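Chain and residue survey
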Amino acid sequence: MTTDGSETRKGFEARFRANPPPCEWMLTGESGEFKSPNFPGNYPSNSECTWTITVPEHQKVSLQFQSLDIDCAGDFIEVHDGSDGSARKIGHFCGTADSIMGVNSTGNQMYVKLTTDGSNQQEGFEAKFNTIETAGKSICLGLFQLSLLII
């Protein structure tokens, strides 16, 4: 602030808050593991963390939670069948469990989003993903070729 010295006024007050680092991960490959931030410590409050899982083409994603400790009062995990949150939702998880049923995608991508509010943070989660093989076969029918995807 610069003044010319002719008058005295109250001035101003400023506060600075650094933005938290992005909470986004891209996971690729045939298998892998991932965890909520700080696991097994408490996950951060007022956050949205995302994981986009991509496995090789012509395969599907199989996701299993190994551990889950999410406060259902305002925190949850959503799982989508595709590359982002606009894809069809295939799972909504919160609560506490040592092992819960997993979910499978219909294509080679899955999107996982952890949303937290400002109250009660808990341990979070750890999860594993693997591929599910799909086999493609072609049948020649005269002048047309028909491709079948066997799931």
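Anything mentioned here points back to the structure above.
First things first, this report covers the structure right here in the doc.

How each quantity is defined
Residues numbered from 1 in each chain as written. Predicted model: local features only at pLDDT ≥ 70, side-chain atom pairs only at ≥ 80, totals over all residues. Heavy atoms only, no water. Helix = DSSP H or I, 4+ residues; strand = E, 2+ residues; numbered from the N terminus. Buried < 20%, exposed > 50% of the residue type's maximum accessible area, 1.4 Å probe, protein only. Contact = heavy atoms within 4.5 Å. Disulfide = S-S within 2.5 Å. Salt bridge = Lys/Arg side-chain N within 4 Å of Asp/Glu carboxyl O.

A few words now on the overall build of the protein. Looking only at helices and strands, one finds 0 helices and 12 strands in the protein. Here the protein holds 151 residues, and 34% of them are scored as buried. Considering only residue pairs separated by 6 or more positions, the protein has 75% of its internal contacts joining residues 24 or more positions apart.

Moving on, we get to the state of the cysteines. For the structure on display, the rule yields 2 disulfides. Residue pairing for Cys-23: its cysteine sulfur links by disulfide to Cys-49, the two sulfurs lying 1.8 Å apart. Judged by the torsion about the S-S bond (90°), the Cys-23/Cys-49 disulfide is right-handed. Of this pair, Cys-23 sits in the segment before β1 (24-28) while Cys-49 sits in strand β3 (residues 48-54), and the two are 26 residues apart along the sequence. According to the relative accessible area criterion, Cys-23 is buried, its value standing at 15%.

For the peptide bond that leads from Phe-39 to Pro-40, omega is 5°, which places it in the cis range. Mapped onto the fold, Pro-40 is located in the loop between β2 (31-35) and β3. A positive phi angle is found at Asn-46, which is not glycine, with a value near 50°. Of note, Asn-46 is situated in the loop between β2 and β3.

With that settled, consider the side chain of Thr-52. With respect to the helices and strands, Thr-52 occurs in strand β3. Those residues in contact with Thr-52 that lie beyond four places of it in its chain are Trp-25, Met-26, Leu-27, Ser-83, Gln-109, Met-110 and Tyr-111.

What follows concerns the pattern of salt bridges. Tallied over the full model, the rule gives 4 salt bridges. Between Glu-33 and Lys-128 there is a salt bridge, with the nearest N and O atoms lying 3.9 Å from each other. Taken together, the residues Glu-33 in strand β2 and Lys-128 in strand β10 (residues 124-133) connect sequence positions 95 residues apart. Here Glu-33 falls in the exposed class, since its relative accessible area comes to 57%. Judged by its relative accessible area of 33%, Lys-128 is partly exposed. Measuring nitrogen to oxygen at the nearest pair gives 3.9 Å for the salt bridge that ties Glu-48 to Lys-113. You can see Glu-48 sitting in strand β3 and its partner Lys-113 sitting in strand β9 (residues 109-115), a full 65 residues away along the chain. Lys-113 gets classed as buried once you look at its relative accessible area, which sits at 19%.

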